[in-house]
Amino acid sequence: MLPCQRAEFDIPRDVTYLNAASWSPLPRAVQEAGARGIALKARPWGITAEHMAGQFTRARAAAARLINAEPADVALIPSISYGVAVAGRILPVAAGSRVLVLGDDHSSPVLEWLQRAPEGGYSVETVARPADGDWTAAILAAIGRPGAAALSLVSISSVHWADGGLVDLAAVDAARRQAGAMLLVDATHHAGVLPLDVAALDPDILIFPTYKWVLGPYGRAFLYVAPRWQGGVPLEQTGAGRRRVSSEATPYLADLDFTDGAKRFDMGERDHLIGLEMAAVGMEMMADWGCEAIAARLGWLNDMLVDGLAGSGVEVPDKRAPHVLSLGFPGGMPAGLVEALAAEGVHVAPRLGRLRISPHVYNDEADVAAFLRVFRGLV
Ligand SMILES: Cc1ncc(COP(=O)(O)O)c(C=O)c1O
């Protein structure tokens, strides 16, 4: 299990921050990378094409390492919804077929398909939240539902953002494969924290951002595109996505064929030299710690919380991810609970009527004790 990494962050002892699933604090090293980027942009005569190329390579490689991808299969994008919009453009969802999404999943892996369905002539089927919290069984049942329309695509988060339910991706992957469907994974609450291997899983699309679990800035995310879809037309038409569009040579638009690999899907203004290095440093820290050691620590903290909550009447999903503990309240969450916790320095998130607790590597036993003490005083 990973030892506590609080010293790498700037978190006062009287702050109990249990909200990484919303947005994580930045490690000191990531803050320093940001300061370096700002200093460079403040005096931009130091910026070179080599520096920028190095930034793209480093960020792509760091992202690829977290999901066991080839860097060439990863594009630099700003958000999950951007990545899903790319998927909407390049994945062939057949008319008359269905797209499967999760009930109350985050909007980003869902809205693109709802928006496109009328024009595409397909339907979007929502897998209802199962009473026992077993998302995997519910998805498998929906994939195999007798009499249902052909399945084109499963577009899901692998860890449910609101209830912390963990989807068994290998089982879903096998079933969707048998059904001849494509797979899009929103790995927002997965990449870096839990094992993820796109070489073994072979999803069509997988996307994750940096501002939550992988300790980076906003506006930086990564899009894995399976090689079989890399011939698609990108969302944005950028010079960097073409073979030879150089601002330093004529003719300017010299070769408009697309570049090879997922690079063609890189966002416009990808030269975000402040955020890119921050993102790379955060992801490298996560990879160096290793997801097994991280997940062991976060699972240990959450298990202590579950033990401490015994008898309090809260409901804990069985099939939960180790790092996200989302409490249900049979009579509804008490009004003002999250605000009252925050007033005592304990930071968690309200999500769809539940109380979501999401520790990270900077949390320790003192944070668990602080949460339990304040929670018991309030509930
Ligand atoms: C599962 C999931 N997907 C996506 C996002 C963010 O989406 P976007 O990057 O499109 O803003 C969140 C943010 O809470 C999330 O929890």
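See above for the structure.
Residues numbered from 1 in each chain as written. Predicted model: local features only at pLDDT ≥ 70, side-chain atom pairs only at ≥ 80, totals over all residues.

Another point: helix H5 (residues 135-143). Of all the residues in H5, the buried ones are Trp-135, Ala-138, Ile-139, Ala-142 and Ile-143. Projected down its long axis, H5 shows its buried positions confined to an angular sector of 135 degrees, all on one face. Check the buried side of H5 and you find it contacts strand E3 (98-102), strand E4 (123-127), strand E5 (151-157) and helix H6 (169-178). (Buried ≥ 20, exposed ≤ 12 C-beta atoms within 10 Å, placed from the backbone. Helix = DSSP H or I, 4+ residues; strand = E, 2+ residues; numbered from the N terminus. Arc of directions from axis to C-beta. Contact = placed C-beta atoms within 7 Å.)

In terms of burial, strand E10 (residues 253-258) is largely open, as just 0 of its 6 residues are buried. Examined bridge by bridge, strand E9 (residues 242-245) and E10 share 3 bridges and lie antiparallel to one another. Paired with Val-245 across the bridge in E10 is Leu-253. (Pairing = 2+ DSSP bridges.)

With that out of the way, let us pick up the site of the ligand. Taken together, Ser-79, Ile-80, Ser-81, His-106, Ser-108, Ser-157, Trp-161, Asp-186, Thr-188, His-189, Pro-209 and Ala-221 form the complete shell of residues around the ligand. Counted by class, the shell around the ligand contains 4 nonpolar, 7 polar and 1 charged residues. (Near = placed C-beta within 6 Å. Nonpolar A, V, L, I, M, F, W, Y, C, P; charged D, E, K, R; others polar.)

Below, the discussion takes up the environment of Ala-53. In this fold, Ala-53 is placed in helix H2 (residues 49-67). C-alpha separation for the pair Ala-53 and Ala-75, spaced 22 residues apart in sequence, amounts to 14 Å.

Pairing of E3 with E4, which is carried by 5 bridges, proceeds in the parallel orientation. Bridging across to E4, Leu-102 finds its partner in Val-127. A crossover links E3 with its parallel partner E4, the connecting element being helix H4 (residues 108-120), and its sense is right-handed. (Right-handed = clockwise from strand over helix to strand, strands pointing away.)

Reading across the sheet, the 3 strands line up as E11-E14-E13 and stay open at both edges, with antiparallel pairing between neighbours. With one partner strand each, in any of the chains shown, strand E11 (325-327) and strand E13 (349-351) form the two edges of the open sheet. Taking each pair of neighbouring strands and ignoring which way they run, the sheet shows an average axis angle of 35 degrees. Examined bridge by bridge, E11 and strand E14 (residues 354-357) share 3 bridges and lie antiparallel to one another. Its bridge partner being in E14, Leu-325 is matched across the sheet by Ile-357. (Axes fitted to C-alpha atoms, helices over the stretch in contact; angles between N-to-C directions.)

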